[in-house]
Structures are given as structure tokens and as C-alpha cells.
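# What the coordinates show
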Amino acid sequence: MKSLLIAALLFAPAARHFAGLPIGSTIPKADSKVKDISGKVISLQEARQSNGLLVMFSCNTCPYVIRNQGRTKEVCAYAGQHQIGVILLNSNENSRDGDNSFAEMQSYARTQGYQWYYALDDNATLAGAFGASRTPECYLFDKNGVLVYHGAIDDSPGDPSAVRRHHLQAAIDETLAGKPVTVKETRSVGCSIR
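The structure presented is a predicted model; accordingly, all values stated were derived computationally and were not measured. Each chain has its residues counted from 1, running along the sequence as written. The model is predicted, so local features are restricted to residues of pLDDT at least 70 and side-chain atom pairs to those at 80 or more, both for listing and for counting; the totals for chains, interfaces and linings are taken over all residues. By convention in this description, side-chain values take in all heavy atoms of the structure and omit both hydrogens and water.

Our next topic: the sheet that holds strand E7 (residues 137-141). Should DSSP find at least two bridges between two strands, the strands are regarded as paired. Numbering goes from the N terminus for both helices and strands, where a helix is a DSSP run of H or I of at least four residues and a strand is a run of E of at least two. The 7 strands lie next to each other as E2-E1-E5-E4-E3-E7-E8, forming an open sheet whose pairing is mixed. The open sheet has two edge strands with one neighbour each: strand E2 (41-43) and strand E8 (147-151). Neighbour-to-neighbour, the strand axes of this sheet turn through a mean angle of 30 degrees, independent of strand direction. Both strand E4 (residues 85-90) and strand E5 (residues 117-120) contribute to a ladder of 4 bridges, which runs parallel. Bridge assignment links Leu89 to a residue of E5, and that residue is Ala119. Two residues form a contact once any of their heavy atoms are found within 4.5 Å. To obtain an axis, a line is fitted to C-alpha atoms, over the contacting stretch when the element is a helix, and the angle between two such axes runs from 0 to 180 degrees between their N-to-C directions. Where helix H7 (residues 167-176) meets the sheet, it contacts strand E3 (53-58), E7 and E8, and its direction lies at approximately 0 degrees from that of E7.

Counting residues in each nonpolar core, the largest one holds 31 residues, and the members touching the most others are Leu54, Met56, Leu88, Tyr118, Leu140, Leu168 and Ile172. Sorting the residues of this core by element identifies E3, helix H4 (69-81), E4, helix H5 (102-112), E5, E7, E8 and H7 as the ones contributing at least two each. Excluding anything up to four places from it in sequence, Leu140 contacts Leu53, Leu54, Ile84, Val146, Leu147, Val148, Tyr149, Leu168, Ala171, Ile172 and Thr175. Among the buried residues, those of types Ala, Val, Leu, Ile, Met, Phe, Trp, Tyr and Cys that are joined through side-chain atoms within 4.5 Å form a nonpolar core. Burial classification: accessible surface area is computed with a 1.4 Å probe over protein chains only, and a residue below 20% of its type maximum counts as buried, one above 50% as exposed, and the rest as partly exposed. By size, the runner-up hydrophobic cluster in this structure holds 20 residues, among which are Val34, Ala47, Leu53 and Leu147.

For the rest of this paragraph, the subject is the packing of aromatic side chains. To pair, rings of Phe, Tyr and Trp, with the six-membered ring standing in for Trp, must have centres within 6.5 Å; the planes then decide the type, stacked if under 30 degrees apart, edge-to-face if over 60, and tilted in the middle. In this structure the tally under the stated criterion is 7 aromatic pairs. Here the aromatic rings of Tyr108 and Tyr114 are separated by 6.2 Å at their centres, their planes lie at 85 degrees, and the arrangement is edge-to-face. Its relative accessible area of 13% is what places Tyr108 among the buried residues. We classify Tyr114 as buried; its relative accessible area is 10%. Aromatic ring contacts, followed pair by pair, group Phe57, Phe130, Tyr139 and Phe141 into a single cluster. When the ring centre of Phe102 is taken as reference, the NZ or CZ atom of Lys35 above it lies at 4.5 Å. For a ring to carry a charge above it, either NZ of a lysine or CZ of an arginine must fall within 6 Å of the ring centroid while also lying within 35 degrees of the normal to the ring plane. The ring of Tyr64 carries the charged tip of Arg67 above its face, separated from the ring centre by 4.5 Å.

As C-alpha cells, then:
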């Protein structure tokens, strides 16, 4: 009986906690510089605006990123309209000479009409600091630079017609209203950062 209890404790999932940067953390490596598709070298601190910062780990090729592209553009535009800085980070090191090269990132962002930063995360340094493992994976920091939400854009990454809750937009709205975020963490579904 004792061994069953120990096994249950060892293998039981943590209650609503997902790997990565803990809620309440400040922006990691906020002054580290990354190269944006414009050629500008910026830090997360410089990307931050008066109401906070949205960091999204993304890429050009993941089927989940592609399926979420409309939702990504909507929520990033929404954040920007509310003075929340937005930066998408491409941490996929193993395909820098292919579909995730800097030139392909520039082309992809132009095709998608990005109006926010899209930058290279060399050696996946920021992905490591954040504990990010998927694309897309979102981190929302409030005006004080404190993490208030981590996870998916919404509750149906694979099927936009089945979305019941827009997790990231709800977190933005609650943060802007000065309220605690109701759902602080959700499971990010997507491709592994390579």
C-alpha cells in the first residue's frame, strides 16, 4: 500500500502548474539583445510598453503556429492597441539555414503583416531562460514586468471553430482592469522548440 501511495505522489501531475517560468516571476534576461527582422537589435525591456509585454515563442513552419496565425495576429494587435509591447521569438536553431532562417522570417512576417517585433533567439537563450518548449507559447507580463499568464492563446489550438475561451485575451483584459488573472496557466500545444 505504501509503495502505491509513493508512486501516486511521484507520478501525479502538479495541480494546474505547467513547466516554465513560474507565475509572479519578472522578465528573464530582460536586457539581453536579440535581432529583429528589421535589423534592429533590441532587448525585451526595450520591447516592453507602459502596460506590459507579451512574449510569444513562434516560428515559420510549425503547423500549430500556422493554424493559429489569424489568432496570433488578432491578439498581438489587441495587445499593441492597449500599450502592451509584443515580441515573437524564433528559437528554432536547427533550421537556421532553411525555413526558419532570418531571410525566411522576414518574408514570413511581411506576408503575415506583422506590426510587432519578430526576432531571432540565438542558441535558444531566451527559450531556456523562460523554460519555453513549444511554438506557439505565450508569456504575458504586466506593467511592472511580472508574469501574470503563461500558456496557449486559447482553449482550441487545433481548431479555431471550437474555441470557447480566449485565454490570452482574457488575461490581457483582466490585467488592464487591474484584476488578478483568473486562469494564470494553460497547457501550450504545438511543436517542440528545436
